[in-house]
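Commentary on secondary and tertiary structure
Take a look at the letters that make up each chain.
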Amino acid sequence: LIRQVSDPICSVLITDGPEPIRDLDGRPVSSVELPVLTVPREIPTNALPTASAISPRQFTVCVPPLFGSPSDRKLLDFVEMSRALGAEHFVFYLTDEIYSNNGVLLKLLTSYASRGLATLFHWKPVNEFRSQIHYHGQVLAVHHCLYWNMGLSKYAVFQDFDELLVPNSAKYKSWTDLAKDIDDGTHCGFSAFFEPDQSYFDAKRTAGVSRVRTKCMVKPDLIFEMGIHHISKQNIEEMTPENKEPDVALLHHYSRCTMAFDNGAGDLCSKYIADTELHFWRKQFEKFKLETVHALNSSS
């Protein structure tokens, strides 16, 4: 039975049945109320949809919700280096803070959207449940981006804008080369921490790698459920998600090193070494960056 309602549904109440249900702490309860969050299917008006924004593509980057006051310079570098590596399109989820407090960043994102390089979603979790939603609804954004790209993008790459999935340039010249070699569609990469606020081309990273804080490149059509750092469930049980060693590809994580999630991994944060891998893509990165700066100046 389908009934039309004037107001959007904000939550679903699940009551006890033959099997007891449990709350988030594992305690048996007679009922539990879950929020329903909705995201419009259409591209928002400020994204200025173009033909390239909805045409089939190879690589789409899914970025978790942006909040606070992100650096427009860091986001510019992230997008252009990702493009140099092989990214064709980006999906961004923008909270109210971005729309109200960061005109420069919003102008940059809108410019990408107008050029068909990005899709922007105004990310507004239901106010009533906002305090109960982890990290601005990151898990929901991950799944929205996964399902949004089914049949639209051959690959989805999940990474924050302080992260880059970097192939080993001695073996692979782009994400395309990397994907051809490991084309069973379910891959997550180990990560190394890089000193934050440093140049991509004058970089130091931890000698060790985190085998927990990974990020993934997947074929959306093959994935049923994603985690933040792993593949939770694939559509074909026989397909096993695979972590790739650093000599294949390494996730560059430009953040202070922490052992919070890597207990038993040795002293991950004690030793740093030089890393010049991104120099291979520097010329293309600078070319893309100049194009974007020119586009921004032309629109002023």
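The name given to the protein chain in an unreviewed UniProt entry is Glycosyltransferase family 92 protein, with Macrostomum lignano as the source organism. Quoted verbatim from the Subcellular location (unreviewed entry) heading of the UniProt record, the comment on the protein chain is "Membrane". As its UniProt record puts it under Sequence similarities (unreviewed entry), the protein chain is described as follows: "Belongs to the glycosyltransferase 92 family."

The next point concerns empty space enclosed by the protein. In total, this model carries 2 cavities of 30 Å³ or more according to the counting rule given. What the largest cavity holds in volume is close to 90 Å³. Looking at the largest cavity, it is lined by 14 residues, and the ones nearest its centre are Cys 62, Pro 64, Gln 138, Val 142 and Phe 158. Of all the elements, helix α5 (residues 138–148) adds the most residues to the lining of the largest cavity, at 4 residues. In terms of residue class, the lining of the largest cavity is built from 9 nonpolar, 3 polar and 2 charged.

Take the pairing of strand β7 (residues 118–122) next. The element β7 is extensively covered by neighbouring structure, given that 4 of its 5 residues are classed as buried. Bridge analysis of strand β6 (residues 89–94) against β7 gives 5 bridges, and the strand direction is parallel. Note on β7: the bridge partner recorded for Tyr 93 is Phe 121.

Counted by the stated rule, this structure contains 2 disulfides. A disulfide bridge connects Cys 62 with Cys 145, and the sulfur atoms are separated by 2.0 Å. Because the sign of the S-S torsion sets the handedness, a value of about -80° for the bond joining Cys 62 and Cys 145 places this disulfide among the left-handed ones. On the criterion of sequence distance, the pair formed by Cys 62 in strand β5 (residues 57–62) and Cys 145 in helix α5 is long-range, its members being 83 residues apart. There is a disulfide in this structure between Cys 257 and Cys 269, and the S-S distance comes to 2.0 Å. Between Cys 257 and Cys 269 the sulfur-sulfur dihedral comes to about -75°; the bridge is accordingly left-handed. One end of the pair, Cys 257, is in the loop between β16 (249–254) and β17 (272–275); the other, Cys 269, is in the loop between β16 and β17, with 12 residues separating them in the sequence.

Another point: the packing of aromatic side chains. As enumerated under the stated definition, the model contains 13 aromatic pairs in all. Relative to Trp 148, the ring of Phe 121 lies with its centre 5.0 Å away and its plane at 85°, an arrangement referred to as edge-to-face. In this pair, Phe 121 is assigned in strand β7 and Trp 148 in helix α5, connecting sequence segments 27 residues apart. Just as Phe 121 is buried, Trp 148 falls in that class too. A centroid spacing of 5.2 Å and a plane angle of 55° characterise the contact between Tyr 200 and Tyr 254, whose relative ring orientation is tilted.

About the cut-offs
Residues numbered from 1 in each chain as written. Predicted model: local features only at pLDDT ≥ 70, side-chain atom pairs only at ≥ 80, totals over all residues. Heavy atoms only, no water. UniProt positions renumbered as here; feature names shortened; annotations may be inferred. 1 Å grid on protein atoms, 1.4 Å probe; cavity = no way out; pocket = protein on both sides within 12 Å on 5 of 7 lines; lining within 4 Å. Points joined across faces, edges and corners; volume = space filled by probe spheres on them. Helix = DSSP H or I, 4+ residues; strand = E, 2+ residues; numbered from the N terminus. Nonpolar A, V, L, I, M, F, W, Y, C, P; charged D, E, K, R; others polar. Buried < 20%, exposed > 50% of the residue type's maximum accessible area, 1.4 Å probe, protein only. Pairing = 2+ DSSP bridges. Disulfide = S-S within 2.5 Å. Phe/Tyr/Trp six-rings, centres within 6.5 Å; stacked < 30°, edge-to-face > 60°.

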